[in-house]
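Notes for the structure review
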Amino acid sequence: KAYGYDQVISGQIDGLLHRAAAQLKTLSGAINVQLASEFDTDHEFGVTANGQFYTWVEADSMALQAIEYIIDYFRNYGIGQNVTFSVGMGGWNRAAFQRMHPEYLMSRIAYIQFNCYRRTAAQTAYEIFNRTKLWLDADLGPLAKAKDIIVAEWGTPSSLGDQVAFIKTVPEAIIGLNNESTGGKFIATNYFNSNAAWGTLNPKQAGLDALKEIYGATPYA
């Protein structure tokens, strides 16, 4: 169970937001707050609040109101511009990705964010990172197109073959995508070592060594 969007926008969880804002104020440096993990995955089958069912489209609309409320709450609390915000997306459904990035929201968020997982052995690193980027370039407005990109999760399952070999192809893919982009660039990509079906490193140490190698070189270094 979770708090509903209606509870957010009606002020019923302001106490929790106050606590979070107070904690954020104690932190220094550049901080990005990811709002939700994957709104598209959360909403895929609709949501139920107070016994009422809402469709995926309706849930997206409610989520946008909640996002604005939370960001405005933090800013009104005095959270400075060193704290930025992004909208968490799996990035696997084009219509949902478009709905969750209306141009009016772009003045409130700092980055476009989505996740990238290899789903077939034939997919290259370039292809998995470029899929949602193509939707960004084709479907979103000029403010969105200009924003840099954070990939909060990427990975390749061991069932699709040599993870180390695939990991080592990622820097070239990111360099190529950034060179091609006329708008925002990929500025961060975070490997998600969590679920065997998506990216758990096996063998772990070999995978960690490969990640250390790529993150110590161009374009990451």
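Preceding this paragraph is the structure being described.
Residues numbered from 1 in each chain as written. Predicted model: local features only at pLDDT ≥ 70, side-chain atom pairs only at ≥ 80, totals over all residues. Heavy atoms only, no water.

Moving on, we come to the pairing of strand 1 (residues 31–35). Because side chains alternate across strand 1, one face comprises the buried residues Ile-31, Val-33 and Leu-35, and the other comprises Asn-32 and Gln-34, none of which is buried. Pairing of strand 1 with strand 4 (residues 83–87) involves five bridges; the strand directions are parallel. Bridge pairing in strand 4 places Asn-32 opposite Thr-84. (Buried < 20%, exposed > 50% of the residue type's maximum accessible area, 1.4 Å probe, protein only. Helix = DSSP H or I, 4+ residues; strand = E, 2+ residues; numbered from the N terminus. Pairing = 2+ DSSP bridges.)

Next up on the list: the packing of aromatic side chains. Centre distance and the angle of the planes are the two values used to describe a pair of aromatic rings. Counted under the stated rule, the structure contains 10 aromatic pairs. Here Trp-154 and Tyr-191 contribute two aromatic rings whose centre-to-centre distance is 4.7 Å and whose plane-to-plane angle is 85 degrees, an arrangement assigned as edge-to-face. Highlighted residues: Trp-154 in strand 6 (residues 149–155) and Tyr-191 in strand 7 (residues 186–191), separated in sequence by 37 residues. As far as the burial class goes, Trp-154 and Tyr-191 line up, both buried. Between Tyr-215 and Tyr-220, the aromatic rings sit 4.7 Å apart at their centres with planes inclined by 85 degrees, giving edge-to-face as the arrangement. Judged by its relative accessible area of 29%, Tyr-215 falls in the partly exposed class. Aromatic rings pair up to connect Phe-97, Phe-114, Phe-129, Trp-154, Phe-186 and Tyr-191 into one cluster. (Phe/Tyr/Trp six-rings, centres within 6.5 Å; stacked < 30°, edge-to-face > 60°.)

Across its 12 residues, helix 10 (residues 204–215) extends 16 Å between first and last C-alpha, which sits within 8% of the 16 Å expected from 1.5 Å per residue. Here helix 10 has its buried residues at Gly-207, Ala-210, Leu-211 and Ile-214. Projected onto a plane normal to the axis of helix 10, the buried residues spread over an arc of 100 degrees and lie on a single side. In this structure, the buried residues of helix 10 make contact with strand 6, helix 8 (163–167), helix 9 (170–180) and strand 7. (Expected span 1.5 Å × (residues − 1). Arc of directions from axis to C-beta. Contact = heavy atoms within 4.5 Å.)

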